[in-house]
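# Summary of the model geometry
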Amino acid sequence: MTLSLTPMQILAGAGVMFALFVVWRFGARKARRAADTARAGARVVSLVGRVLFTGAAFIGVQWLVITHPGNPTLLLVVLGLPDLIAAHVLTRALTVTSLDSTRRGGGSPRRWPGHRHVPVLRRPR
């Protein structure tokens with residue numbers, strides 16, 4: 001059994017295959033974008049949930065200690081500990097810990113934490 005196809009039929013078949021490939025690639029990109037968006041949304045919801053749970057736990061413990069007075073040291077610890085944790089979190093969030101470089105090429109511009117790429121000037125010999 002032999003097939004005899006005209007050049008027009010071969011060209012039409014190649015065009016259909018190319019169109020299917022383009023649709024498949026577009027679908028894959030769209031699916032990847034949707035998955036990334038879903039993951040980012042889940043991260044935000046997860047973070048909000050953890051923040052609300054931790055805040056509720058702090059408020060619950062503080063309410064319990066305030067409504068049952070008797071130990072002033074415990075009262076100061078329970079009221080001061082969340083402030084220390086919040087100060088630590090805010091300090092870490094607002095402190096710049098990385099140095100971004102505009103160096104061209106791949107790879108990380110830092111070899112160890114705190115290292116900056118500084119060109120060394122040498123005198124000619």
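### Brief notes about helix 2 (residues 72-94)
- The terminal C-alpha atoms of helix 2, which comprises 23 residues, lie 33 Å apart, in line with the 33 Å expected from a rise of 1.5 Å per residue.
- When the local axis directions of helix 2 are compared, the greatest deviation, roughly 25°, occurs at Gly80, which is followed within four positions by the proline Pro82.
- Backbone nitrogen of Thr73 and a side-chain oxygen of the N-cap are separated by 3.2 Å at the start of helix 2; the cap is Asn71.

### Description of the packing of aromatic side chains
- Across all of its chains, the model carries one aromatic pair by this definition.
- Relative to Trp24, the ring of Phe21 has its centre 5.9 Å away and its plane inclined at 45°; by these criteria the two rings are tilted. Of this pair, Phe21 and Trp24 both sit in helix 1 (residues 7-67), three residues apart, which is roughly one turn of the helix.
- For Trp24, a relative accessible area of 55% corresponds to the exposed category.

### A look at the environment of Pro82
- Within the secondary structure layout, Pro82 lies in helix 2.
- Looking at Pro82, the relative accessible area reads 15%, which means it is buried.
- Sequence separation between Pro82 and Gly55 is 27 residues; the distance between their C-alpha atoms is 9.1 Å.
- When neighbours within four sequence positions are excluded, Pro82 is seen to be in contact with Phe58, Gln62 and Val77.

Procedures and definitions
- Residues numbered from 1 in each chain as written.
- Predicted model: local features only at pLDDT ≥ 70, side-chain atom pairs only at ≥ 80, totals over all residues.
- Heavy atoms only, no water.
- Helix = DSSP H or I, 4+ residues; strand = E, 2+ residues; numbered from the N terminus.
- Expected span 1.5 Å × (residues − 1).
- Bend = angle between axes of the 7 residues up to and from the residue.
- Polar contact = N/O pair within 3.5 Å; in protein donor to acceptor, adjacent residues only side chain to side chain.
- Phe/Tyr/Trp six-rings, centres within 6.5 Å; stacked < 30°, edge-to-face > 60°.
- Buried < 20%, exposed > 50% of the residue type's maximum accessible area, 1.4 Å probe, protein only.
- Contact = heavy atoms within 4.5 Å.

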